[in-house]
Amino acid sequence: MAKNYQEKFRLFKKIEGEMIGRSKIKNQSLAVALSNAIIKNKIEAIDQKWLDFLFKIYVEENYGAALQELSAEQFGSSSWFSGGDYILPRGYDKVPLALSQGINVKLKQPANRIEKLTNGDFQVSFESAPPMVCQHVIVTVPLSLLQRQTITFIPPLPSRKTKSIQNVGFGQFTKIFVRLTPTKVKQLKNHPTWIKVLGSDSQRGFQFFNLPHYSESDVLVGIAVSDEATLVENMSAEKLSSYVLSRAPFLEKKDIISIENTQWGKNKWAHGSYSYPKVGSRESDFDEIGKSIDRLHFAGEACQSDVYGTVEAAFLSGQRAAAKII
């Protein structure tokens, strides 16, 4: 039995290392692969609880999907992008706002049809604006919209591309923002950046991102993925507060000023957060989604097999598409 957190984390890395790239069984989930590894290594019950928790916070939260949804065959197929991790305290929208300077961006005009004309150009139709004729088109909508066929392509996309679009999973990742009293914020400055709570026999563990630890923020961020994210998104503020308190023994009701959460799963232009290697998918599916069809180009976080599900994938695939136009 692992005696402390460091030993438990080493056990997690050992099991994870055994699982990465080892499963050659198609259509096997990561949950089944983990169960097999636990049996093989004769892991005791208390350590199994810790393994479940560590796989939840380091794997499920990374992919935005449950172990039952993730492909064991593709586990570890993506790579880490070099460089540090950064927090944008005033919001992520600062990035697209900066990049869009000098570009005529038309908002609230969703495209619903892209038709290739006889001369090779494209006519793009919109819900509430006149159509536009273009020599090139870059499609960079969330993968879920392609899966739901929100945009009609004339002629239809090739079957190999539509198959890859459906093969890849689209995860649910929800953030819970808990605004705290000044007294509690002061206390949390001495807590670690990530506050981990193992949970109980009937409840899985949970972790919180402690913004007050290194900034002037008064917000604690909880994370929920997959079915738990869907559950959270449909809670009232009162139920959400009770949900958080049941998973944060270091908090009391009096510590909370307000609480809210992201709604990406319920957003009709997102239906989720980012892509992941679903059971039955192939690594090549991500590259297939990103392939151009003549002058019809595709870019986004699901269009780069080596760093799928990341801002880097969106950036690199966008550069690739732009290079084919310029």
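Computed from a predicted model, the values in this text were never measured in an experiment.

Structural notes on the sheet that holds strand E5 (residues 152–154)
- Spatial ordering of the open sheet is given by E3-E2-E1-E5, a layout of four strands whose pairing is mixed. The open sheet has two edge strands, strand E3 (132–134) and E5, and neither has a second partner. For this sheet, the mean inter-axis angle between neighbouring strands, taken without regard to orientation, is 20 degrees.
- In this structure, strand E1 (residues 111–116) lies alongside strand E2 (residues 122–126), joined through five bridges in antiparallel fashion. By the bridge assignment, Glu115 is partnered in E2 with Gln123.

Here's the deal with the pairing of strand E9 (residues 206–210)
- Of all five residues in E9, five are buried, a share of seventy percent or more.
- Here E9 shows two buried faces, one formed by Phe206, Phe208 and Asn210 and the other by Gln207 and Phe209.
- Examined bridge by bridge, strand E8 (residues 194–197) and E9 share four bridges and lie antiparallel to one another. Among the inter-strand pairings, Val197 is bridged to a residue of E9, identified as Phe206.
- Pairing geometry for E9 and strand E10 (residues 219–225), over three bridges, is antiparallel. Bridge pairing in E10 links Phe209 to Val221.

As for unusual backbone geometry
- Here Ile154 and Pro155 are connected by a cis peptide whose omega angle stands at -5 degrees.
- Tracing the sequence through the fold places Pro155 in the loop between E5 and helix H6 (159–167).
- Unlike most non-glycine residues, Lys42 shows phi in positive territory, near 50 degrees.
- Position of Lys42 relative to the elements: it lies in the loop between helix H2 (30–41) and helix H3 (45–63).
- Phi is positive for Ser226, which is not a glycine, with a value near 55 degrees.

A short note on H3
- An ideal rise of 1.5 Å per residue puts 27 Å on 19 residues; H3 measures up with 26 Å between its terminal C-alpha atoms.
- Where H3 bends most, the angle comes to about 40 degrees, and this point is Lys56.
- Here H3 has its buried residues at Asp47, Trp50, Leu51, Phe53, Leu54, Phe55, Lys56, Ile57, Val59, Glu60, Glu61 and Tyr63.
- Phi turns positive one or two residues past the end of H3, at Gly64, with a value near 70 degrees.

Some words on the nonpolar core
- Ranked by size, the top nonpolar core spans 47 residues in total, and within it Ile15, Met19, Phe55, Val59, Ile114, Phe153 and Leu296 carry the most contacts.
- If you list the elements that add at least two residues to this core, you get helix H1 (5–19), H2, H3, E2, strand E4 (137–139), helix H5 (143–147), helix H10 (283–290) and strand E13 (296–298).
- The greatest single-element share of this core, amounting to eight residues, is contributed by H3.
- Grouped together as the second largest cluster of nonpolar side chains are 22 residues, Leu180, Phe206, Val232 and Met235 included.

Observations concerning H2
- Between the first and last C-alpha of H2 there are 16 Å, a value that for 12 residues agrees with the 16 Å anticipated at 1.5 Å per step.
- Remark: Lys42 follows H2 within two positions and exhibits a positive phi of approximately 50 degrees.

Points about the pattern of salt bridges
- Tallied over the full model, the rule gives 15 salt bridges.
- Of the charged contacts in the structure, one is a salt bridge between Lys13 and Glu16, with a shortest N-O distance of 2.7 Å. With a gap of three residues between them, Lys13 and Glu16 both fall in helix H1, about one helical turn apart.
- The partner of Asp121 in a salt bridge is Arg295, and the shortest N-O contact between them spans 3.1 Å. Note that Asp121 is positioned in the loop between E1 and E2 and Arg295 in the loop between H10 and E13, a separation of 174 residues in sequence.
- Because the salt bridges share partners, they merge into one network encompassing Asp52, Glu60 and Arg204.

Cut-offs applied
- Residues numbered from 1 in each chain as written.
- Predicted model: local features only at pLDDT ≥ 70, side-chain atom pairs only at ≥ 80, totals over all residues.
- Heavy atoms only, no water.
- Pairing = 2+ DSSP bridges.
- Helix = DSSP H or I, 4+ residues; strand = E, 2+ residues; numbered from the N terminus.
- Axes fitted to C-alpha atoms, helices over the stretch in contact; angles between N-to-C directions.
- Buried < 20%, exposed > 50% of the residue type's maximum accessible area, 1.4 Å probe, protein only.
- Expected span 1.5 Å × (residues − 1).
- Bend = angle between axes of the 7 residues up to and from the residue.
- Core = buried A, V, L, I, M, F, W, Y, C linked by side-chain atoms within 4.5 Å.
- Salt bridge = Lys/Arg side-chain N within 4 Å of Asp/Glu carboxyl O.

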